[in-house]
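Survey of secondary and tertiary structure
Residues per chain, in single letters:
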Amino acid sequence: MVKKFSMLALAGLIALPALASASAGPSSSDGLDRKIDELSRELDRLKAQLAEQGDLSDLQETVESLDARSESWDLAARFKFYGDFRSRYDYLNAGSAPAYRANDVARGMSMAMGQQMGAGPYSLQQVQMAMQGMMQQSAMAAQQMGVSPGAARAMMFQQMGITPSGVINYNNDSSFTNRFRLNMRVKATEAVEFKGRLAMYKSWGMQSNPNAPMGSAYTMDAFAWDGNSTRQPIDNALLVDRAFLNWNGIGGAPIWFSIGRRPTTDGPPAHIRLGANSRMATPIHVMDYAFDGISIGYAYRWGADMGTGRVRFCYGRGFESGMSTTMLDDMDFGGLSWDVIKKGSRFVNVQSFMAANLVNTPDGVTFQNPLEANGIMAGDGYLDRANLGDILHTSLVYTDKFGPVNIYGTGAWSRTMADGYDEAGNTLLGSWWQDGEEEKDGYMVLVGARFDLDNVGLKFGAEFNWGSENWVSMSPAHDDLYNSKLATRGWASEVYMIWDLPTGEAISKYAQTFMRLGWQHYDYAYTGSGSWLGAPVDIDELASDPFNAQFYPAITTQEQVYLTFEAYF
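Let me begin by describing the structure that accompanies this report. Just so it is clear, the structure is predicted and the values come from calculations on it, not from any experiment.

1. Thoughts on the overall build of the protein
Broken down by element type, the protein carries eight helices and 18 strands. When each of the 569 residues of the protein is scored for burial, the buried share is 46%. If you sum the accessible surface of the protein, you get close to 27000 Å²; carbon and sulfur atoms cover 59% of it.

2. So, a nonpolar patch on the surface
Residues Tyr 443, Val 445, Val 447, Phe 464, Trp 466 and Trp 491 make up a contiguous nonpolar surface patch of about 600 Å² in total accessible area. Of all elements in the fold, only β14 (439–453) and β15 (458–467) reach the threshold of two or more residues within the nonpolar patch. A per-element tally of the nonpolar patch places β14 first, with three residues. Given the relative accessible area of 47%, Val 447 is considered partly exposed.

3. Focus: the environment of Trp 519
Mapped onto the fold, Trp 519 is located in strand β17 (residues 512–524). As a C-alpha pair, Trp 519 and Asp 90 span 429 residues in sequence and 9.8 Å in three-dimensional space. For Trp 519, the contacting residues outside a window of four places in its chain are Ser 493, Glu 494, Val 495, Glu 559, Gln 560, Val 561 and Tyr 562. One polar contact links Trp 519 to Glu 559, side chain to side chain, over a distance of 2.9 Å.

4. What to know about the layout of surface pockets
Its volume calculated, the second largest pocket comes out at about 230 Å³. In this structure, the second largest pocket is lined by Ala 112, Met 113, Gln 115, Gln 116, Met 117, Ala 130, Gly 133, Met 134, Gln 137, Met 156, Gln 159 and Met 160. Within the residue set of the lining of the second largest pocket, elements represented by two or more residues are α4 (102–117) and α5 (124–145). Class assignment for the residues of the lining of the second largest pocket results in seven nonpolar, five polar and no charged.

5. Focus on empty space enclosed by the protein
This model, assessed by the stated rule, comprises six cavities of 30 Å³ or more. One number sums up the size of the largest cavity: a volume of about 600 Å³. What lines the largest cavity is a set of 34 residues, and nearest its centre among them are Ala 102, Asn 426, Trp 433, Ala 549 and Phe 551. The element contributing the most residues to the lining of the largest cavity is α4, with four residues. Considered class by class, the residues forming the lining of the largest cavity number 21 nonpolar, twelve polar and one charged. Its boundaries defined by the atoms lining it, the second largest cavity holds a volume of some 200 Å³. Lining the second largest cavity are 19 residues, and of these Thr 264, Pro 283, Phe 291, Cys 314 and Gln 351 lie nearest its centre. Per-element accounting of the lining of the second largest cavity gives the leading share, five residues, to strand β8 (residues 331–343). When grouped by side-chain class, the residues that make up the lining of the second largest cavity number ten nonpolar, eight polar and one charged.

6. Considering the environment of Tyr 289
Looking at the secondary structure, you find Tyr 289 in the loop between α7 (270–274) and β6 (292–303). Taking relative accessible area as the criterion, Tyr 289 reaches 0% and is therefore assigned buried. For the pair formed by Tyr 289 and His 478, sequence separation is 189 residues and the distance between their alpha carbons is 7.9 Å. Apart from residues no more than four positions distant in its own chain, Tyr 289 is found in contact with Trp 225, Gly 227, Thr 264, Thr 265, Gly 318, Met 331, Phe 333, Met 474, Pro 476 and Ala 477.

7. Observations regarding α5
Taking 1.5 Å as the rise per residue, α5 with 22 residues should run 32 Å; its terminal C-alpha atoms sit 31 Å apart, in good agreement. Here α5 has its buried residues at Val 127, Ala 130, Met 131, Gly 133, Met 134, Ser 138 and Ala 142. Buried residues belonging to α5 abut α4 and α6 (149–158). Phi turns positive, to about 70 degrees, at Gly 146, one or two residues after α5.

8. A word on α6
If you check which residues of α6 are buried, you get Gly 150, Ala 152, Arg 153, Ala 154 and Phe 157. Structurally, α6 contributes buried residues whose contacts are with α4 and α5.

9. Thoughts on the nonpolar core
Core analysis: the biggest nonpolar cluster contains 27 residues, and Tyr 289, Met 331, Phe 333, Met 474 and Trp 532 have the highest contact counts within it. At the level of elements, β8, β9 (346–359) and β10 (387–402) are the ones that each hand at least two residues to this core. If you tally residues by element for this core, the top one is β9, at four residues. What Phe 333 contacts, discounting residues up to four positions off in sequence, is Met 287, Tyr 289, Phe 291, Cys 314, Tyr 315, Gly 316, Gly 318, Met 354, Ala 355 and Met 474. Within the second largest apolar cluster, 20 residues are counted, among which are Ala 270, Phe 347, Leu 486 and Tyr 568.

10. Some remarks on the side chain of Ser 295
Structurally, Ser 295 is set in strand β6. Of the polar contacts made by the side chain of Ser 295, one reaches the side chain of Arg 262; its length is 3.1 Å. Once residues lying within four places of it in the same chain are set aside, the contact partners of Ser 295 are Trp 256, Phe 257, Ser 258, Arg 262, Phe 313 and Cys 314.

11. A look at the pairing of β15
Burial of β15 is one-sided: the residues Lys 459, Gly 461, Glu 463, Asn 465 and Gly 467 facing one way are buried, the residues Leu 458, Phe 460, Ala 462, Phe 464 and Trp 466 facing the other way are not. In the sheet, β14 pairs with β15 via ten bridges, with the strands oriented antiparallel. Within β15, the position partnered with Ala 449 by the bridge is Ala 462. Between β14 and β15, which follow one another and run antiparallel, lie four residues, and Gly 457 among them has a positive phi close to 75 degrees. When β15 meets strand β16 (residues 490–500), the two strands line up antiparallel, connected through ten bridges. Pairing of Asn 465 across the sheet is with Ala 492, part of β16.

12. Notes on the packing of aromatic side chains
By convention here, two paired aromatic rings are described through the distance between centres and the angle between planes. Counted under the stated rule, the structure contains 15 aromatic pairs. Plain terms: the ring middles of Phe 291 and Phe 333 are 5.3 Å apart, the flat faces sit at 65 degrees to each other, and that makes the pair edge-to-face. Residue Phe 291 is located in the loop between α7 and β6, and its partner Phe 333 is located in strand β8; the two are separated by 42 residues in the primary sequence. Residues Phe 291 and Phe 333 agree in their burial class; the two are buried. An aromatic cluster of three or more residues is present, and its members are Trp 225, Tyr 289, Phe 291 and Phe 333. Here Arg 88 stacks its cationic end above the ring of Tyr 562, 4.7 Å away from the centre of that ring. Directly above the aromatic system of Phe 244 lies the positively charged group of Arg 262, at a separation of 5.2 Å from the ring centroid.

13. Points about the pairing of β8
One ladder, built from ten bridges, connects strand β7 (residues 307–319) with β8; its direction is antiparallel. From the neighbouring strand, Thr 308 faces β8, where its bridge partner is Lys 342. Pairing of β8 with β9 involves eleven bridges; the strand directions are antiparallel. Across the sheet, residue Asp 339 finds its bridge partner in β9, namely Asn 349.

Rules of the game
Residues numbered from 1 in each chain as written. Predicted model: local features only at pLDDT ≥ 70, side-chain atom pairs only at ≥ 80, totals over all residues. Heavy atoms only, no water. Helix = DSSP H or I, 4+ residues; strand = E, 2+ residues; numbered from the N terminus. Buried < 20%, exposed > 50% of the residue type's maximum accessible area, 1.4 Å probe, protein only. Areas by Shrake-Rupley, 256 points an atom, 1.4 Å probe, with all protein chains shown as cover. Patch = residues over 30% accessible without salt bridge, like charges linked within 9 Å, V, L, I, M, F, W, Y side chains within 5 Å. Salt bridge = Lys/Arg side-chain N within 4 Å of Asp/Glu carboxyl O. Contact = heavy atoms within 4.5 Å. Polar contact = N/O pair within 3.5 Å; in protein donor to acceptor, adjacent residues only side chain to side chain. 1 Å grid on protein atoms, 1.4 Å probe; cavity = no way out; pocket = protein on both sides within 12 Å on 5 of 7 lines; lining within 4 Å. Points joined across faces, edges and corners; volume = space filled by probe spheres on them. Nonpolar A, V, L, I, M, F, W, Y, C, P; charged D, E, K, R; others polar. Expected span 1.5 Å × (residues − 1). Core = buried A, V, L, I, M, F, W, Y, C linked by side-chain atoms within 4.5 Å. Pairing = 2+ DSSP bridges. Phe/Tyr/Trp six-rings, centres within 6.5 Å; stacked < 30°, edge-to-face > 60°. Lys NZ or Arg CZ within 6 Å of the ring centre and 35° of its normal.

Taken by themselves, the reported measurements are silent on function.
Dropping the structure here:
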């Protein structure tokens with residue numbers, strides 16, 4: 001601005017002598033000379049000022065350089081980064097029930113079979129015949145003694161020195177974890193957008209998971225595998241949590257196509273309990289499972305009073321069998337997720353899917369095979385992978401807000417359809433000596449509410465859920481640290497408080513800073529919560545029958561307290 005003003009002034013001063021010459025007469029020559037001298041001195045002064053400010057050509061070069069670089073600035077501005085960080089403290093106290101260990105029962109079977117049939121290993125047919133013989137013998141003995149067949153079997157194994165294990169208490173008075181997640185969004189074209197999220201989740205002082213595993217209730221939760229990748233505190237590596245492309249507005253219609261590592265964790269209504277301002281995933285929380293796949297969706301409007309809705313078909317792969325020599329099939333997911341209504345806080349979703357060709361041990365998980373470990377059958381001592389059948393899953397979620405009160409609820413149904421066994425005789429919620437390939441239905445109900453006191457930045461909430469004997473929740477990627485609360489076969493309850501911290505004005509539209517304090521109580525009625533492998537057993541009957549043996553101690557109750565400090569930015 002200074003340079004522009006100086007140039008204008010200079011032009012005016014140069015023009016003044018000519019004007020003065022045209023208007024002045026001969027009698028004014030002396031005055032004109034003096035005026036010219038003054039203007040010359042002023043011109044010299046302005047030239048000196050321009051020299052101090054720099055050459056105008058430098059300014060022109062700078063402007064041209066900025067203009068050339070602006071294109072790269074526009075390209076960089078396409079990338080949007082945002083994320084969150086959480087530090088969390090957990091206290092745990094849990095206990096197991098007395099139960100027979102699978103390895104001990106297999107050792108007893110090996111002793112009994114060796115006495116009758118000679119040294120092993122034996123074929124599967126021989127093992128089946130031997131176990132059926134034990135069941136028949138125990139049934140006859142039970143009739144004679146007036147006891148249950150399980151009690152008669154317990155007496156038989158007691159003679160071999162095999163008895164139930166005692167109660168085990170688990171306690172961790174302080175577990176600290178850090179979790180960092182970095183989100184990215186960028187458009188390739190007007191209609192194609194990439195979304196991704198990297199995540200680091202680790203325990204303080206560890207480059208492994210010190211919280212895994214505790215018992216059969218944690219079978220599928222505590223191990224690190226594809227379905228819960230980045231959802232267990234393992235190490236400080238940044239891993240790909242989500243990475244997918246969206247093609248929006250296909251053909252000018254409200255239709256989209258998406259492919260990649262799916263946003264399928266922390267689905268609604270979990271965001272209410274977690275303190276997030278909006279839902280963070282496509283499916284609802286009983287399908288808390290990290291997987292790769294595709295979705296094709298259609299968006300619509302009900303009208304001004306009803307809001308919007310979306311319906312999408314989803315397909316994903318839960319396990320890739322590769323070039324299997326055992327004819328193992330891939331484990332795939334497929335189904336519909338329908339946001340029936342979404343208007344403000346009101347949200348209704350119906351979801352139904354099938355998990356096909358479920359495997360007994362997914363990627364990264366190994367289970368001991370007690371039949372092989374004790375020489376009953378030949379092998380390496382571990383369960384080989386096998387397809388066990390399919391699971392149908394249907395659920396409904398509803399959320400709404402009335403004044404300061406958020407209410408939410410979920411109802412879900414699962415059906416297992418077993419059509420195969422693994423080498424230890426297990427199948428979906430059963431075994432060849434117990435229930436076999438029966439179809440089994442499971443149910444889950446959750447209700448919750450959160451009361452918001454916005455004037456003081458406090459939120460108070462509580463939720464309760466119940467799961468039936470054969471309930472299967474596909475939620476290995478839960479955010480409860482030790483085990484999935486929603487997978488519980490029995491009762492689980494939680495109360496929590498969220499404090500929105502008074503940390504000043506928000507810098508980002510994503511900004512949230514809060515602390516979350518909660519207490520959780522688990523009361524298991526049946527074994528195997530969170531797993532589809534093997535028949536659920538009544539916790540109270542574990543010690544009464546050796547054929548109710550468990551791979552791991554069965555958790556009966558658990559108390560957990562957590563405190564978090566979280567920031568979204």
